[in-house]
Amino acid sequence: MSLSPAPVTVSVSLPCRPTVKYDILIQAGLLSTVGERLSSLHKPCRILLLTDDVVEALYADTVTASLSNAGFSVVRHVIPHGEASKSGENLLTLLEKMATEQLTRSDLLVSLGGGVVGDLGGFTAAIYQRGIPFIQIPTTLLAMVDASVGGKTAIDLKAGKNLCDAFHQPLLVICDTNCLNTLPPEIFSDGMAEVIKYAMIRDSVLFDLLKNGSPNMENMIRLCVEDKRTLVEEDETDKGVRQLLNLGHTVGHAIEVCSNFTISHGSAVAMGMVIITRAAVKSDICNGDTLAALLDLLNKYNLPTECPFTVEQLFAVAVSDKKRAGGFITLAVPYDVADTRLVTVPIDALENYIRAGLSE
Ligand code: GLY
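On a predicted model such as this, the values are computed, not experimentally measured, just so you know.

I tried to follow the pattern of salt bridges on my own but got confused; where do I start?
For side chains bearing opposite charge, pairing can occur when the charged atoms are close. The tally for this structure, following the rule as stated, stands at 14 salt bridges. A salt bridge links Arg 46 to Glu 101; its shortest N-O distance comes to 3.3 Å. One end of the pair, Arg 46, is in strand β3 (residues 46-52); the other, Glu 101, is in the loop between α3 (88-100) and β5 (108-113), with 55 residues separating them in the sequence. The exposure class of Arg 46 is partly exposed, given its relative accessible area of 26%.

Is there a simple way to think about the sheet that holds strand β10 (residues 324-325) in this case?
Strand pairing in a sheet relies on backbone hydrogen bonds, with the paired strands running either antiparallel or parallel. In spatial order, the strands read β10-β11-β12; together these three strands make up an open sheet with antiparallel pairing. Pairing within the sheet leaves two strands with one partner each, and these edge strands are β10 and β12 (339-346). With two bridges joining them, β10 and strand β11 (residues 328-336) adopt antiparallel strand pairing. Across the sheet, the residue bridging to Ala 325 is Phe 328, located in β11.

Hey, could you run me through the site of the ligand in this one?
Taken together, Asp 146, Lys 152, Lys 228, Arg 242 and Leu 245 form the complete shell of residues around the ligand. One nitrogen or oxygen atom from the side chain of Lys 152 is found 2.9 Å from an oxygen atom belonging to the ligand. Between the ligand and Arg 242 there is a distance of 2.8 Å, counted from an oxygen atom to a side-chain nitrogen or oxygen. With the chains in place, 87% of the 200 Å² that the ligand exposes on its own is no longer accessible. Partitioned by chemical class, the residues of the shell around the ligand number one nonpolar, no polar and four charged.

Is there a simple way to think about the packing of helix α12 (residues 311-318) against helix α13 (residues 347-358) in this case?
For any two helices packed against each other, one specifies the crossing angle of their axes together with the interaxial distance. Between α12 and α13, the shortest axis-to-axis distance is 10 Å and the interhelical angle comes to 145°. Pair α12 / α13 crosses with right-handed handedness. Of the residues in α13, those in contact with Val 311, Glu 312, Leu 314, Phe 315 and Ala 318 of α12 are Ile 347, Asp 348, Leu 350, Glu 351, Ile 354, Arg 355 and Leu 358. Split by residue class, the contact of α12 with α13 holds eight nonpolar, no polar and four charged.

Please clarify how the sheet that holds strand β6 (residues 134-138) should be interpreted in this entry.
Within the open sheet, the seven strands sit side by side as β1-β2-β9-β6-β5-β3-β4. Their pairing is mixed. Unpaired on one side and paired on the other, β1 (8-14) and β4 (73-79) mark the two borders of the sheet. In this sheet, adjacent strand axes meet at a mean angle of 15° when their direction is disregarded. Sheet topology places β6 next to strand β9 (residues 172-176); two bridges connect them, and they run parallel. By the bridge assignment, Ile 135 is partnered in β9 with Leu 172. Contacts from α3 reach β3, β4 and β5, with the element oriented near 160° to β4. Sitting on the sheet, helix α8 (residues 217-234) touches β1 and β2 (17-27), and the angle it makes with β1 is about 5°.

Even after reading the chapter, I still don't get unusual backbone geometry, so can you show me in this structure?
Peptide bonds are, in most cases, trans, and in most cases residues other than glycine have a negative phi. Residue Asn 162 is not a glycine yet carries a positive backbone phi of 55°. Within the element layout of this structure, Asn 162 appears in strand β8 (residues 160-167). Take Asn 162: its relative accessible area is 23%, and that puts it in the partly exposed class.

Just checking my understanding: could you explain the environment of Gly 113 for this structure?
Within the secondary structure layout, Gly 113 lies in strand β5. In this structure Gly 113 comes out as buried when scored by relative accessible area, which is 3%. Separated by 102 residues in sequence, Gly 113 and Pro 215 have C-alpha atoms that sit 23 Å apart.

Explain the packing of helix α7 (residues 204-212) against helix α11 (residues 288-300) to me, please; I cannot follow it from the model alone.
As a packed pair, α7 and α11 sit with axes 10 Å apart at the nearest point and diverge in direction by 55°. What the angle tells us is that α7 and α11 run oblique. The interaxial crossing formed by α7 with α11 has left-handed handedness. Contacts between α7 and α11 involve Phe 207, Leu 210, Lys 211 and Asn 212 from the former and Ala 293, Leu 297 and Lys 300 from the latter. Looking at the contact of α7 with α11, its residues break down into four nonpolar, one polar and two charged.

Would you mind going over the packing of aromatic side chains with me for this structure?
Pairs of aromatic rings are described using the distance from one ring centre to the other and the angle between the two planes. Tallied over the entire structure, the rule returns zero aromatic pairs. Over the ring of Tyr 198 we find Lys 197, and its NZ or CZ is 5.2 Å from the ring centre. The ring of Tyr 335 has Arg 341 sitting right over it, with the charged end atom 4.1 Å from the ring centre.

What's the story with the nonpolar core in this structure? I'm lost.
Nonpolar side chains in soluble globular proteins tend to be buried together. Ile 24, Ile 196, Leu 210 and Ile 255 are the most contacted members of the largest nonpolar core, which totals 98 residues. If near-sequence neighbours (up to four positions away) are discounted, Ile 255 is found in contact with Ile 263, Ala 268, Met 271, Gly 272, Ile 275, Cys 307, Phe 309 and Leu 314. If you look at the next biggest cluster of nonpolar residues, it comprises 19 residues, including Leu 50, Leu 91, Leu 109 and Ala 125.

Parameters and conventions
- Residues numbered from 1 in each chain as written.
- Predicted model: local features only at pLDDT ≥ 70, side-chain atom pairs only at ≥ 80, totals over all residues.
- Heavy atoms only, no water.
- Salt bridge = Lys/Arg side-chain N within 4 Å of Asp/Glu carboxyl O.
- Helix = DSSP H or I, 4+ residues; strand = E, 2+ residues; numbered from the N terminus.
- Buried < 20%, exposed > 50% of the residue type's maximum accessible area, 1.4 Å probe, protein only.
- Pairing = 2+ DSSP bridges.
- Near = heavy atom within 4 Å.
- Polar contact = N/O pair within 3.5 Å; in protein donor to acceptor, adjacent residues only side chain to side chain.
- Areas by Shrake-Rupley, 256 points an atom, 1.4 Å probe, with all protein chains shown as cover.
- Nonpolar A, V, L, I, M, F, W, Y, C, P; charged D, E, K, R; others polar.
- Axes fitted to C-alpha atoms, helices over the stretch in contact; angles between N-to-C directions.
- Left-handed = near helix turned anticlockwise from the far one by under 90°.
- Contact = heavy atoms within 4.5 Å.
- Parallel < 35°, antiparallel > 145°, perpendicular 65-115°, else oblique.
- Phe/Tyr/Trp six-rings, centres within 6.5 Å; stacked < 30°, edge-to-face > 60°.
- Lys NZ or Arg CZ within 6 Å of the ring centre and 35° of its normal.
- Core = buried A, V, L, I, M, F, W, Y, C linked by side-chain atoms within 4.5 Å.

The structure is reproduced here in structure tokens:
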């Protein structure tokens, strides 16, 4: 089968680990070419295809057929959709299945789905037999622009989200933009919160594109992934500039927890970005136009901007944030549109930021 025109390709290479290089491919219709694309990177082998019940019904047959036609032998493993599946129990069940199926280090794991499937699959691949290669095939906008890129993999613990984690970079990331056509509108908006985040961090081209029109999906995803690629290449292990990607996430994570995860990640990040930007305006390090521009964009993409929780509720959770280091926490703070900077503050100062950001 001949491949369609070359997809948009963003290449990631980590200067400190010269053997780690991979492409992120972005194009409509890529799912039916997964097998051929993989065969240029890896000889035929066994593949554990991890997906969830919703995505299985939509796309697993297409991917399985493509892999099988290219000579790969596929074992499918389906988990229920939703965050609860990123559990230790599911991790062990998956590891046991891979062992029972006698997958070896020359075999592969493929994650087909959103962030939950990508995180669980990536983490499993990171620890099975001290690490096997894996492929990310994200099917949500959020997973395409964020979770599938950069090698953060994790499961949740009872004490919190993503607390059991590892860096494990994929061998290939394949984003078929046709998958976005089947997303419920609120799941699409969720991904747009992360897109807006990239624009606020350092991408004025993306910001203008979002503000002035209806962006072409391939182009929009490419811009986000290029932004993330730059940060990951400079700081794979999240000790420096990569922390800019936490814009809206420190308070956003507290909002998710306070809501018992009934408020989605994207909605919480949207509210978190408003809170930190308003706090920056009140501290005179950011102007009011930046906050107004952010609010306009969030409204345009149907994202919430008002947080239903109090400063006390939010701070009680944020104080134990995973991003805290000793008595300090590093916050990503917008100074302007497309100009977010890292600011390290004593943990108590976070309460003042939240208080300032909550009130008009
Ligand atoms: N999702 C944020 C990061 O990959 O660093």
